[in-house]
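Structural characterization, general
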Amino acid sequence: MNAEWPRKDEQQWTPKDVADLRSSGKFSKSLHSLLYQHSEQAPRKKESMVVELAQRLRRPSDVPPALVKSFNEAIKVASEAGLRHWSEDE
């Protein structure tokens, strides 16, 4: 975050800055709000922030284990469902 979205007050972002957001509702929205309030270079849209963060991932170890688990579960559900039409109600 420090390289991509430096703070206006020239301080460094810390792990605690991010950790504190985990208990306050929707994490990605809280992170975007924090960046937008404290960095002149923050992305205007939350979606842009997520894309920029994802593009910085270089090694499998860069991906949080909880995210890997979520994707593995999604892959399992999709593979068990097989090829079929999914209605809008599902």
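Below is a summary of the structure that appears in this document. (Residues numbered from 1 in each chain as written. Predicted model: local features only at pLDDT ≥ 70, side-chain atom pairs only at ≥ 80, totals over all residues. Heavy atoms only, no water.)

As a further point, take the overall build of the chain. When its secondary structure is counted, the chain shows four helices and zero strands. For the chain, the α and β elements follow one another from N to C terminus as α-α-α-α. Its C-alpha atoms put the chain at 55 × 30 × 25 Å along the principal axes. For the chain, contacts bridging at least 24 residues in sequence account for 38% of all contacts bridging at least 6. Looking at the chain as shown, the accessible area adds up to about 7400 Å², and 54% of this sits on carbon and sulfur atoms. Looking at charge distribution, the chain has the averaged site of its 15 positive side-chain charges lying 2 Å from that of its 14 negative ones. (Helix = DSSP H or I, 4+ residues; strand = E, 2+ residues; numbered from the N terminus. Contact = heavy atoms within 4.5 Å. Areas by Shrake-Rupley, 256 points an atom, 1.4 Å probe, with all protein chains shown as cover. Lys, Arg positive; Asp, Glu negative; His and termini not counted. Charge placed at Lys NZ, Arg CZ, Asp CG, Glu CD.)

Turning to the pattern of salt bridges, a few remarks are in order. Taken as a whole and assessed by the stated rule, the structure comprises seven salt bridges. Here glutamate 73 ties to lysine 69 by a salt bridge, and the two come within 3.9 Å at their closest N and O atoms. Of this pair, glutamate 73 and lysine 69 are both found in helix α4 (residues 65-81), four residues apart, which corresponds to roughly one turn of the helix. Taking relative accessible area as the criterion, glutamate 73 reaches 43% and is therefore assigned partly exposed. Since its relative accessible area comes to 53%, lysine 69 is described here as exposed. (Salt bridge = Lys/Arg side-chain N within 4 Å of Asp/Glu carboxyl O. Buried < 20%, exposed > 50% of the residue type's maximum accessible area, 1.4 Å probe, protein only.)

A few words now on the nonpolar core. Within the largest apolar cluster, nine residues are counted, these being Trp5, Trp13, Val18, Leu21, Leu31, Leu34, Leu35, Ala42 and Met49. For this core, the element with the most residues is helix α2 (residues 27-38), which contributes three residues. When near neighbours in sequence (up to four residues on either side) are disregarded, valine 18 contacts Met1, Phe27 and Leu31. (Core = buried A, V, L, I, M, F, W, Y, C linked by side-chain atoms within 4.5 Å.)

Considering the arrangement of structural elements, one finds serine 30 in helix α2. Assessed through its relative accessible area of 16%, serine 30 is described here as buried.

Relative to the elements of secondary structure, arginine 7 occurs in the segment before α1 (15-19). At 2.7 Å, the side chain of arginine 7 and the side chain of aspartate 9 are in polar contact. Among residues more than four places away in sequence, those in contact with arginine 7 are Gln12, Trp13, Asp17 and His38. (Polar contact = N/O pair within 3.5 Å; in protein donor to acceptor, adjacent residues only side chain to side chain.)

It is worth spelling out the environment of alanine 3 at this point. With respect to the helices and strands, alanine 3 occurs in the segment before α1. Along the backbone, alanine 3 and tryptophan 13 are ten residues apart, and their C-alpha atoms lie at a distance of 9.7 Å.

The general pattern is negative phi for most residues beyond glycine and trans for most peptide bonds. Its identity is not glycine, yet glutamate 10 carries a phi of approximately 65°, on the positive side. Within the secondary structure layout, glutamate 10 lies in the segment before α1.

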